Amino acid sequence: SQKIEQNSEALNIQEGKTATLTCNYTNYSPAYLQWYRQDPGRGPVFLLLIRENEKEKRKERLKVTFDTTLKQSLFHITASQPADSATYLCAPGGSTLGRLYFGRGTQLTVWP
Amino acid sequence: DTAVSQTPKYLVTQMGNDKSIKCEQNLGHDTMYWYKQDSKKFLKIMFSYNNKELIINETVPNRFSPKSPDKAHLNLHINSLELGDSAVYFCASSQDRGQGLRTFGSGTRLTVV
């Protein structure tokens, strides 16, 4: 069965630094991968989608890479701010029925 | 104007009871979902409907029965609630059932005592 691992449950970094979150998957060949942000007591919010034929995608301070050989996606937040503190979920997908499997998430804390 | 709204936000009930959670989306999306997020924070797909047709039923006990009266609504009825059903249930919708980004509701925290 599909397995999705996100590097660590918690990541603490100082404001202004770059946060790098890792998503590894096994037993799966997703055609695309989505990243979401989840704040406490709220539903996940979509951030970025990257397709298997795209190496990198950017949106403002966010950058996502997708390496289908390594079966890995990296999610970067540059110039991080305390407001970036949240849990970030990766979700590889690709079946025609739209099954999207979510990782457990990495809880990011950005301290001043 | 909430895009995906679900009610109630909190639900505390005793084992053996039957309860329903309602979900509505005003985005005009064709596909709706129910996800379950357990205490370990895993978010798992339960059901997916596309234009009122069930397309994903992810080995969920048949005590859980989704119903989609129209493509803007997807309700979840749970019979004979068990302690293990305690979790946060999220409704979501997407424009299509493929790569479409999911728009989630704010969740219903179900506690079975």
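Details of the structure are given in the entry above.
Novice: Help me understand the overall build of chain A, please; the structure alone is not making it clear to me.
Specialist: Counting secondary structure elements, chain A contains 0 helices and 10 strands. Starting at the N terminus, the α and β elements of chain A follow one another as β-β-β-β-β-β-β-β-β-β. A compact globule built from 112 residues would reach a C-alpha radius of gyration of about 13 Å, and chain A, at 13 Å, matches this within 12%. Principal axes of the C-alpha set define a box for chain A whose edges measure 40 × 30 × 20 Å. Within the span of chain A, comprising 112 residues, buried residues form 45% of the whole. Put simply, of all contacts in chain A between residues at least 6 apart along the chain, 54% involve residues at least 24 apart. Of the roughly 5500 Å² of accessible surface on chain A, a fraction of 48% belongs to carbon and sulfur atoms. Taken together, the 14 basic and 10 acidic charged side chains of chain A have centroids lying 3 Å from each other.

Novice: Any chance you could explain the environment of Leu74(A) here in plain terms?
Specialist: Residues and elements named next belong to chain A. In this fold, Leu74 is placed in strand β8 (residues 72-77). Residue Leu74 is classed as partly exposed on the basis of its relative accessible area, which comes to 22%. The spatial distance from the C-alpha of Leu74 to the C-alpha of Pro30 is 15 Å, given a sequence separation of 44 residues. Excluding residues that lie within four positions of it along the chain, Leu74 makes contacts with Leu21, Thr22, Lys63, Val64 and Thr65.

Novice: Is there a simple way to think about the state of the cysteines in this case?
Specialist: Under the definition given, this model contains 2 disulfides over all chains. Across a sulfur-sulfur distance of 1.9 Å, Cys23(A) and Cys90(A) are joined as a disulfide pair. Between Cys23(A) and Cys90(A), the S-S dihedral sits near 55 degrees, and the bridge is therefore right-handed. With Cys23(A) in strand β3 (residues 19-26) and Cys90(A) in strand β9 (residues 86-93), the pair connects residues that are 67 residues apart, well separated along the chain. Judged by relative accessible area, Cys23(A) falls into the buried class, the value being 0%. The residue that forms a disulfide with Cys23(B) is Cys91(B), at a sulfur-sulfur distance of 1.8 Å. Handedness of the Cys23(B)-Cys91(B) disulfide follows from its S-S torsion of about -75 degrees: it is left-handed. One end of the pair, Cys23(B), is in strand β3 (residues 19-25); the other, Cys91(B), is in strand β9 (residues 87-94), with 68 residues separating them in the sequence. The two residues Cys23(B) and Cys91(B) agree in class, both being buried.

Novice: I would appreciate a short explanation of the interface of chain B and chain A in the present structure.
Specialist: When the parts of a complex come together, some accessible area is lost, and that lost area is often taken as the interface size. Taken residue by residue, the interface counts 21 residues in chain B and 20 residues in chain A. A combined buried area of about 1800 Å² lies between chain B and chain A, and 52% of that area is made up of carbon and sulfur atoms. Among the residues chain B hides against chain A, the three largest losses belong to Leu43(B), Gln99(B) and Arg102(B). Together they make up 29% of the total. Linking chain B with chain A are 0 salt bridges. For the interface between chain B and chain A, the tally reads 2 residue pairs in polar contact (both at pLDDT 80 or more). Of all the secondary-structure elements, those providing two or more residues to the side of chain B that touches chain A are β4 (31-37) and β6 (53-57) of chain B. When residues of the side of chain B that touches chain A are assigned to their parent elements, the largest contribution, 3 residues, is made by β4(B). Split by residue class, the side of chain B that touches chain A holds 9 nonpolar, 6 polar and 6 charged.

Novice: It is not clear to me how the pairing of strand β5 (residues 43-50) of chain B should be interpreted in this structure. Could you clarify?
Specialist: Looking down a regular strand, the side chains alternate between one sheet face and the other. All names here are of chain B. In terms of burial, β5 is a largely internal element, 7 of the 8 residues being buried. Where β5 and β6 come together, 4 bridges link them in antiparallel fashion. Bridging across to β6, Asn50 finds its partner in Glu53. Where β5 folds back on β6, the antiparallel hairpin that results is connected by 2 residues, among which Asn51 adopts a positive phi of roughly 50 degrees.

Novice: For this particular structure, what's the right way to read the nonpolar core?
Specialist: Here is a general trend for soluble globular proteins: nonpolar side chains tend to be buried in one another's company. Core analysis: the largest hydrophobic core is formed by 24 residues, its most contacted members being Leu33(A), Trp35(A), Phe75(A), Tyr88(A) and Leu108(A). Elements with a minimum of two residues in this core: β2 (10-14), β3, β4 (32-38), β5 (45-51), β7 (62-67), β8, β9 and β10 (106-111) of chain A. Examining the composition of this core, we find that 4 residues originate from one element, β3(A), more than from any other. Formed by 20 residues, the second largest nonpolar core is a distinct cluster that contains Val4(B), Cys23(B), Phe47(B) and Cys91(B).

Novice: Looking at this structure, I do not really get the side chain of Thr31(B). What am I missing?
Specialist: Residues and elements named next belong to chain B. Counting through the fold element by element, Thr31 comes out in strand β4. Reaching out from Thr31, the side chain makes a polar contact with the side chain of Asn50 at a distance of 2.7 Å. The residues touching Thr31, leaving out its near neighbours within four places in the chain, are Ser48, Tyr49, Asn50, Ala92, Ser93, Ser94, Asp96 and Arg97.

Criteria and thresholds
- Residues numbered from 1 in each chain as written.
- Chains lettered and ligands numbered in written order.
- Predicted model: local features only at pLDDT ≥ 70, side-chain atom pairs only at ≥ 80, totals over all residues.
- Heavy atoms only, no water.
- Helix = DSSP H or I, 4+ residues; strand = E, 2+ residues; numbered from the N terminus.
- Rg over C-alpha atoms; globule rule 2.2 N^0.38 Å.
- Buried < 20%, exposed > 50% of the residue type's maximum accessible area, 1.4 Å probe, protein only.
- Contact = heavy atoms within 4.5 Å.
- Areas by Shrake-Rupley, 256 points an atom, 1.4 Å probe, with all protein chains shown as cover.
- Lys, Arg positive; Asp, Glu negative; His and termini not counted.
- Charge placed at Lys NZ, Arg CZ, Asp CG, Glu CD.
- Disulfide = S-S within 2.5 Å.
- Buried area = accessible area lost by both parts, 1.4 Å probe.
- Salt bridge = Lys/Arg side-chain N within 4 Å of Asp/Glu carboxyl O.
- Polar contact = N/O pair within 3.5 Å; in protein donor to acceptor, adjacent residues only side chain to side chain.
- Nonpolar A, V, L, I, M, F, W, Y, C, P; charged D, E, K, R; others polar.
- Pairing = 2+ DSSP bridges.
- Core = buried A, V, L, I, M, F, W, Y, C linked by side-chain atoms within 4.5 Å.

All quantities given are derived from atomic positions and should not be read as evidence of function.
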